[in-house]
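The primary structure of each chain is shown beneath.
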Amino acid sequence: MRFNYCPRYGDQLLSSQGDILKKMEEWPKHYNPKEIEPRWQNKWLSREFWEKVIRFQDSDTRPVFFIDTPPPFTSGELHMGHAYWVTIADAMTRFKILQGYNVLIPQGWDTQGLPTELKVQYRLGIPKENRELFLKKCVEWTEEMIGKMKSAMMRLGYRPNWEQFEYRTYSAEYRAIIQRSLLDMFNKGMIKMRKGPVYWCPKCETAVAQSEVGYLEKQGILAYISFPLKEGGEIVIATTRPELLGATQAVAVNPEDERYKNLVGKVAIIPIFNKEVRIISDPAVDKEFGTGAVMISTYGDPQDIKWQLKYDLPVDEMIDERGRMKGTGFLDGLKVEEARKKIVEMLKQQGFLKKLEGLTHNVLSHTERSDCQSPIEFLVKDQVYISVLEFKDRLLSEMKKMTFKPSRMAYYLQEWINNMEWDWNISRQRVYGTPLPFWHCENLHLVPADPSSLPVDPTKSSPPLEKCPHCGLPLKPVTHVADVWVDSSVTVLYLAGFYNNKERFAKAFPADVRLQGTDIIRTWLFYTFFRTLMLAGDVPFKRVLVHGQVLGPDGTRMSKSKGNVVSPMDRIEEYGADAIRMTLLDAAIGDDFPFKWDTVRGKKLLLQKLWNASRLAYPFISKRKVERPEKPHVLDVWVLNEHRNFVERAISAYENQDFYVVLSMLYNYFWEIIADEYLELIKHRLFSDDQSAIYTLSRILKDIVIILHPIAPHITEEIYSKLFGDKESVLMEKLPSVSDIPSDQEAVRIGNEVKEINSAIRTKKVSMRLSMNSPVKVKLIGSLSFVEDIRKVEEDLKKTLKITQMTYEINDSSRPIIEVEPDQPMGV
RNA sequence: GGGCCCGUCGUCUAGCCUGGUUAGGACGUUGGCCUUACAAGCCAAAGGUCCUGGGUUCAAAUCCCAGCGGGCCCA
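Parameters at a glance
Residues numbered from 1 in each chain as written. Chains lettered and ligands numbered in written order. Predicted model: local features only at pLDDT ≥ 70, side-chain atom pairs only at ≥ 80, totals over all residues. Heavy atoms only, no water. Helix = DSSP H or I, 4+ residues; strand = E, 2+ residues; numbered from the N terminus. Contact = heavy atoms within 4.5 Å. Pairing = 2+ DSSP bridges. Axes fitted to C-alpha atoms, helices over the stretch in contact; angles between N-to-C directions. Near = heavy atom within 4 Å. Polar contact = N/O pair within 3.5 Å; in protein donor to acceptor, adjacent residues only side chain to side chain. Nonpolar A, V, L, I, M, F, W, Y, C, P; charged D, E, K, R; others polar. Salt bridge = Lys/Arg side-chain N within 4 Å of Asp/Glu carboxyl O. Buried < 20%, exposed > 50% of the residue type's maximum accessible area, 1.4 Å probe, protein only.

Take the environment of proline 713 next. Examined against the element boundaries, proline 713 turns out to sit in helix α22 (residues 713-723). For the pair formed by proline 713 and arginine 94, sequence separation is 619 residues and the distance between their alpha carbons is 8.6 Å. Here proline 713 is in contact with Trp44, Asp90, Arg94, Asp578 and Arg581, once residues within four sequence places are set aside.

Okay, here's the thing in structure tokens:
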């Protein structure tokens, strides 16, 4: 019944068409990622697949491609940001495998640190004092979290080389490398223990590094306090931290400030504490802020530290490790905020408070830990430092060896290096961390562990020497553990085998790509760059990809308080990992972009389209070897020209990590040209077993499937196995080559003309309210060359557009005119 | 206070570096249509002061300057 309108096909063909349609029914009508995806994930994780595709062999002759991926902190949650870089890393990996590289794709876990300690301490109720048990529970917790995150990664289709390059920063093997790197730096004279002001987080009760702090806007106060002058009169200073009044060491004014010029050098008396301090002038004082007079206390902010050093001022410690006051008498034991209120009250009562205003200002805070954010204090401590400042110039010149995508990201690193003011304090007063492999004496001389003893815990082992070689004093273990960035800044050295695999190191170092987010430029990127350069004498990687942030659906940063947090796992069953991956990759590297499930749905529709096109092709091309025809049909030549363009541009987009370009080509090449135009044009030839059409369709589909595989690995494996299946996996194929397709401008012209006629006739049918299927008579009016072109494809146009009669008229018009009228209406 | 990025149909964006189509696509909206894959579809339509103002130019979404708005980083 459906084929009644072509009665000239005999019964023979009819039944063969029936067979074809029956065969098509073998292919499920709807694409079901929930069923397909886990199946392929299991295959990829099989030992056999690993051996054939993923395994990294040092002796391999293929060129190495090494991607340094972020070891995420083991929180247990795989959030959208993780899903994002996981997808980028996986797509790069698959592309490079297809391109014939020996890919080194690791996955590590940043395991140590405060958040885990807090979980174990508070959620499991294990006391820190029981060090053995505490550490054991930390590791157990870590492993549980890794398990959760790993299965989510796998569900996204991520396939790093778990077998060879999965690592945990707490493991003995990895720790030994960390400690070894510290011994090396010590031997280069870069590591020292000394007393000095440190950034201190009172909530976390540990020192932190400059890179872990940042400014947050907070509500505070500005107190105007009168300091009487010894010789009579007063000077009024403004401060946001009146609780540090007792630690005031001087009063400073700007040398240009006419108001205070005659007071410089005089002595002021600190109210309540009755201590005498000098009034000095310094250009760093802001005349406009407050009264233009500032109290220098030890320590209220980083500027105080600079002044203390510059003027060699005495130091009073008034805040303890838990953020409570000390050494003041009447304020002792109070929290900083409480002390602030109390002293303001006292100043007010005694008449020293001139004014009190509210102030929104930037407060130095522990920003690197999203669950802390509390204000930072400065404490004086014995800490272990790595020298950084003296290498600034070298760092600035060596960083030019790395290319950045996007290029502006190099500025962030450069700015950070330029503005560094502190050496790197690597001591953390915590338990779950890499022990610093040193002992020290009373004079803070460090004695390193024996390299053969690594990994070592100095609190449990005896030092390699009896006494300090410098001063003969007894040795004590350094009880601090290393900053976690000490752990993660040797990923490249560890993976490339710097310390234990010369053969691999020679081939794999420096890594080809470092992948990471903007937020860890001054930490992971900087420290890896710095440490690798110092230890191995070269930059750690050739190229740095700095991706942006995945924002919530409302276009703002995801946060629990805003309730706009989206997790990739929320609707993965419904849309599939492939569609999620495509959504994440549809943005330029470095851009922030909002994540919306509606967009994911759109990507799934694109995959459904590919699925259906494959379904159509299935009865004709499945597992058939069709030779390239001697004289291909002109429309096949046209589409192969389009195809060549697509393949070349897609490969170059992959080379530049511009995945969104590949995706946009799927829309305007695959969907618009292949699905909407070409498939319609060749249906009649497919059904009459035309070799040229079958060859062409088979080839372009296979190429498209391979090209799309890095982005949407599951569906492409499924289609490949059903249509082609020459290999067990797409990853065993090679990237398509299109060098055999000659450019043919005539075919391209005809193809474009056909598209225009197609569109014109469809438009007319719509305006006449005809179904696409209804027969029409068409008259084409155009130039001689146009008419000659169209005559070559007349048969195709007639079959495709249900044209019963086609007539031509030649004129000189530049634009052809197309007249359409319905053949007698059907079924009336 | 300094630096960087972004501002394009209702929404998300491509194009900007290297000036010249009718500013392209997706989602949404509207109308029509069961067509040898696909109604989770097809065909088509509507929808844009390219943030504002100035400048350069034969020509500006694109280059330059100023401003406004949003975001990020640093001090």
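Still to come is the rest of the account.
If you trace the 3 strands from one edge of the open sheet to the other, you get β27-β26-β28, paired in mixed fashion. Sheet topology places β27 (803-810) and β28 (817-822) at the edges, where each strand pairs with a single neighbour. The sheet shows a mean angle of 15° between the axes of neighbouring strands, direction not considered. Pairing analysis gives 7 bridges linking strand β26 (residues 776-782) to β27, with the strands arranged parallel. Paired with valine 776 across the bridge in β27 is isoleucine 803. Against the sheet, helix α23 (residues 745-767) touches β26, β27 and β28, its axis set at about 40° to β28.

Not every one of the 44 residues close to RNA strand B is listed here, only the nearest: Asn362, Arg522, Lys596, Lys609 and Asn773. When atoms of RNA strand B within 4 Å of the protein are sorted by moiety, sugar and phosphate together comprise 67%. Between RNA strand B and arginine 557, the relevant distance is 3.5 Å, taken from a sugar or linking oxygen to a side-chain nitrogen or oxygen of the residue. Of all the secondary-structure elements, those providing two or more residues to the surface near RNA strand B are α1 (11-24), α12 (409-419), α18 (597-621), α20 (659-687) and α23. At 10 residues, the largest contribution of residues to the surface near RNA strand B is made by α18. Residues belonging to the surface near RNA strand B are distributed by class as follows: 16 nonpolar, 11 polar and 17 charged.

A word on the pattern of salt bridges. Across all of its chains, the model carries 69 salt bridges by this definition. Salt-bridge contacts for glutamate 573 lead to arginine 155; the nearest nitrogen and oxygen are separated by 3.7 Å. With glutamate 573 in helix α17 (residues 572-585) and arginine 155 in helix α6 (residues 131-155), this residue pair connects regions lying 418 residues apart in the sequence. Overall, glutamate 573 belongs to the partly exposed group, its relative accessible area being 42%. As a salt-bridge pair, aspartate 184 and arginine 180 come within 3.8 Å of each other at their nearest N and O atoms.

Residue pairs spaced three or four apart in an α-helix point in one direction, given the helix's 3.6 residues per turn. For helix α9 (residues 302-311), the set of buried residues is Pro302, Asp304, Ile305, Trp307 and Gln308. Buried residues in α9 make contact with β5 (191-201), β7 (214-228), β12 (293-297), β13 (353-365) and β14 (377-386). The backbone nitrogen of glutamine 303 has a side-chain oxygen 2.8 Å away, supplied by the residue at the start of α9, namely aspartate 301. Looking one or two residues beyond α9, the residue adopting positive phi is aspartate 312, at roughly 50°.

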